[in-house]
Amino acid sequence: MSAPGTDVPSTPPAPLDHFWAVVPAGGAGTRLWPLSRAAAPKFLRDLRGQGRTLLQETVDRLEPLAEDRFVVVTGAAHRAAVVRQLPQVAAEAVLAEPTPRDSMAAIGLAAALLERADPDAVMGSFAADHVITEPDVFAAVVTTAVEVARDGWLVTIGIEPTHPSSAFGYVQQGEDLEGHPGAARVASFVEKPSPEVAAGYLASGGYRWNAGMFVVRPGVLLDLLAQWHPQFAADLRAIAADGSRLEELWPGLPRIAVDHAVAEPAAAAGRVATVPAGFGWEDVGDFDSLAALLGADGADAATGPVVLGDASLVEAVDSTGLVVPSGRLVAVVGLDDVVVVDTPDALLVTTRARAQEVKAVVAALTESGRTRLT
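Reading the values: the criteria
Residues numbered from 1 in each chain as written. Predicted model: local features only at pLDDT ≥ 70, side-chain atom pairs only at ≥ 80, totals over all residues. Heavy atoms only, no water. Helix = DSSP H or I, 4+ residues; strand = E, 2+ residues; numbered from the N terminus. Buried < 20%, exposed > 50% of the residue type's maximum accessible area, 1.4 Å probe, protein only. Polar contact = N/O pair within 3.5 Å; in protein donor to acceptor, adjacent residues only side chain to side chain. Contact = heavy atoms within 4.5 Å. Axes fitted to C-alpha atoms, helices over the stretch in contact; angles between N-to-C directions. Parallel < 35°, antiparallel > 145°, perpendicular 65-115°, else oblique. Nonpolar A, V, L, I, M, F, W, Y, C, P; charged D, E, K, R; others polar. Expected span 1.5 Å × (residues − 1).

Visitor: Summarise the side chain of T58; cite the residues concerned and give the values.
Guide: Mapped onto the secondary structure, T58 falls in helix α1 (residues 54–66). Given the relative accessible area of 1%, T58 is considered buried. A polar atom in the side chain of T58 sits 3.4 Å from the side chain of R61. Aside from chain neighbours lying at most four places away, what touches T58 is V23, F126, A127, A128 and H130.

What follows is the structure, encoded as structure tokens:
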């Protein structure tokens, strides 16, 4: 569905002048272990059974708007795989972080390079591991956000919540933004609330999920960063001016998310706008959300669990949930909302209700030194 003020487009999206798509491709997806591993994280996986990985789907929906203007930022260990999966993106546009430094460093490095490459650039940062089921509505929202960003605003896309989730942060929407129909000022960013507080947010109608989607002119982002972290901004610009300084300066960059480094203080200073939207967004943060995405909520024991992979490898009797086979037969009997994930070297069995706790397995494996399994 589309949010108020967002029209569903009747024509295909058109390319946007000087719009650059920045795709941070990081994170291990520990709640999706053993399907997602440090060496092969979830953004490199086809989690919808559509023949395209989450990374490829991200680029697919941005390509009509950005054409060939992409910057992908990923870990050094994943750069080769990213280049292989994205033949339409120039290899030199796939940047490798020497070490993980959180989202501000990744997005800031792309901003610093684009500030030098294209003085008229507007960049949009969109994570590589999100699912969006209504790409044309998404394109219309991004188009609105780009026009707002051209006027010097830091713009976040606020996702219309479908339930009172405590798994996401929220954007508190303020008054309408003059001169930009469909956009509003951001009153504040709110950390992940309790379920009770989240229910109050939904009842008020003035809050949206913060999906970490930001649209901004590169120079505006770096100038905002410089207000609260001047050395951080200076170092990013120094790396962009002289790439040989990456190894020297990168380890000293703060580990901080763009939300905390820039978005939250900038909102308090009245510099952030939001475009509210609903376009079938899913973070796919754990196996419960993956099961819902694949249609498990509408299934019953008669139809059996949803299967990601070869359905002929699953035999289910009076069971519901999600099964991911990997090459051998998986039989499930008499279990409701079960999660079974079979891989060549690890087997996970849990329930949808406790899917968030899978990350504890990864922590235990890491602590015991069995990192080859993580």
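Visitor: Break down the packing of helix α6 (residues 218–228) against helix α7 (residues 230–241) for me, citing the residues and quoting the values.
Guide: Two quantities define a packed helix pair, namely the angle between the axes and the distance from one axis to the other. It is at 5 Å that the axes of α6 and α7 come closest, and there the two elements cross at 140°. With respect to their mutual orientation, α6 and α7 come out oblique. Together, G219, L222, D223, L225, A226 and W228 of α6 and P230, F232, A233, L236 and R237 of α7 make up the contact between the two elements. Among the residues making up the contact of α6 with α7, the classes are represented as eight nonpolar, one polar and two charged.

Visitor: Go over α7, please, and point to the residues and values.
Guide: When the terminal C-alpha atoms of α7 are compared, their 17 Å separation across 12 residues agrees well with the 16 Å that a helix rising 1.5 Å per residue should span. All buried positions along α7 are accounted for by F232, A233, D235, L236, A238, I239 and A240. Turning to α7, the residues buried within the fold contact α3 (103–117), α6 and α8 (246–249).

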